[in-house]
Every structure is written in structure tokens, then in C-alpha cells.
Amino acid sequence: RPIEKGKAELLREGKDVVILALGSMVYTAYEVAELLDKEAIQAAVVNARFAKPLDAALILKLAQETDLVVTLEEGVLSGGFGSAVLELFASHHELEPMQIRPMGIPDRFIEHGRRDLLLDALGLSPRKIKEEIIGLLRLNKNSFASAGRSLKNYV
């Protein structure tokens, strides 16, 4: 079916974290969600499809249902997809104290090498993304407690 310009695709539902992924990181996001399942953490996965225009309606709806949003891109963070999502959230103060963590390539020279090794070194392998999310959820434990959710699986 035709892809509507600016419309993202919800691939998987989850209440603990929303992973917004762009391009080559969509499959990685799905792998991360599978790893998080083993830790009893439910991750929603969204194929953002577009950095511009963002599917603001879907992103904001999902963000209201969680305390943590992670963006994944295999592009430079500065001025990229994660930055666009941060700008969207900055204009919607009702989302506070929701936490967002953009993950992508830092704005510096990256040595050449095998893609899987470089992504792992940059913290963008499924295992390292999973570890980052678990760490963020631990930091967010006060938010979880105030929302009436159990923390036993996160600490």
C-alpha cells in the first residue's frame, strides 16, 4: 500500500519505552524490543519513515503513554531526526517530566571499519541500546513510582 508522506508506522506496542527509529535503525529497534522483552520491559517500536515532516500526532500520542522516548538514527545527531523530535517535545510542555534520549552518530570524524563494529563502538548495537534503556528506566524510577507502575523488573 502507498506510504503517506509524513506518516510513521507503529510496528509494536509497549508501555515502558517508545523507540522511534529511522531508516536502517528500524530493524535494530525491533531487535532491542525483543531483548527488552526478556527483561520484562515492554517497548513500542515506531518506524518513523520521515525526519521531515514528523508524524507529530502519533509521536505525541505515544509519548503521553510513557516516561521514556528513545530516538535511533544512523545519522549525525546534530540537526538530525532526534533533534527534530526534541524540538517537537520542547513545544509541548504537557509532556514533562517525560524523558527523551536521542541516539545516533556524534558530530565528529568516525574511523572507517565494519558497520557492526562501528555501531557497537558508538553505542548503537542492539545490546548497548538495551543497556542504555535499562539504565534510563532505573534513573526514571521516581517517575514510574508516581505513575503507579512496578519497578521490580528495572532495579
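The structure under discussion appears in the preceding block.
Residues numbered from 1 in each chain as written. Predicted model: local features only at pLDDT ≥ 70, side-chain atom pairs only at ≥ 80, totals over all residues. Heavy atoms only, no water.

As for the packing of helix α1 (residues 25–37) against helix α5 (residues 126–139)
The criterion, for reference: Note on method: axes are straight lines fitted to C-alpha atoms, helices fitted across the in-contact stretch only, with angles between N-to-C directions ranging 0 to 180 degrees. Secondary structure elements follow DSSP: runs of H or I of four or more residues count as helices, runs of E of two or more count as strands, with numbering from the N terminus. Any angle between 65 and 115 degrees counts as roughly perpendicular, while under 35 counts as roughly parallel, over 145 as roughly antiparallel, and the rest as oblique. With the far helix as reference, a near helix turned anticlockwise by less than a right angle produces a left-handed crossing, and one turned clockwise produces a right-handed crossing. Any two residues having at least one pair of non-hydrogen atoms within 4.5 Å are treated as being in contact. Note on residue categories: nonpolar means Ala, Val, Leu, Ile, Met, Phe, Trp, Tyr, Cys or Pro, charged means Asp, Glu, Lys or Arg, and polar means any other residue, Gly included.
Where α1 meets α5, the axes come as close as 9 Å, and the angle between the chain directions of the two elements is 60 degrees. Comparing the axis directions of α1 and α5 gives the class oblique. For the pair α1 and α5, the sense of crossing is right-handed. Side by side, α1 and α5 meet where Met25, Thr28, Glu31, Val32, Leu35 and Leu36 of the first sit next to Pro126, Arg127, Ile129, Lys130, Ile133 and Ile134 of the second. Of the residues contributing to the contact of α1 with α5, the split by class is 8 nonpolar, 1 polar and 3 charged.

A word on the packing of aromatic side chains
Spelled out, the test is: Ring pairs are drawn from Phe, Tyr and Trp, using the six-membered ring of Trp, whenever the two centres fall within 6.5 Å, and their geometry is named by plane angle: stacked under 30 degrees, edge-to-face over 60, tilted for the rest. A ring has a charge above it when a Lys NZ or an Arg CZ is no more than 6 Å from the ring centre and no more than 35 degrees off the ring normal.
All chains considered together, the criterion is met by 0 aromatic pairs. The ring of Tyr30 is capped by Arg12, whose NZ or CZ atom sits 5.9 Å from the centre of that ring.

Things to note about α1
What counts is decided by this rule: Here, expected helix span is obtained from the residue count minus one, scaled by 1.5 Å.
Across its 13 residues, α1 extends 18 Å between first and last C-alpha, which sits within 8% of the 18 Å expected from 1.5 Å per residue. Close packing links the buried residues of α1 with β1 (9–12), β2 (17–21), β3 (43–47), β4 (68–76) and α5.

A short note on the sheet that holds β1
Test applied: Think of it this way: DSSP has to see at least two bridges between two strands before they count as a pair.
Read from one edge of the open sheet, 5 strands run β1-β3-β2-β4-β5, paired in mixed fashion. Among the strands making up the open sheet, the edge pair consists of β1 and β5 (99–105). Direction aside, neighbouring strands of the sheet carry axes that sit 25 degrees apart on average. As judged from the 5 bridges shared by β2 and β3, these two strands associate in the parallel manner. Bridge assignment links Ala21 to a residue of β3, and that residue is Asn47. In the packing of helix α3 (residues 81–90) onto the sheet, contacts are made with β2, β4 and β5, and the angle to β4 comes to roughly 145 degrees.

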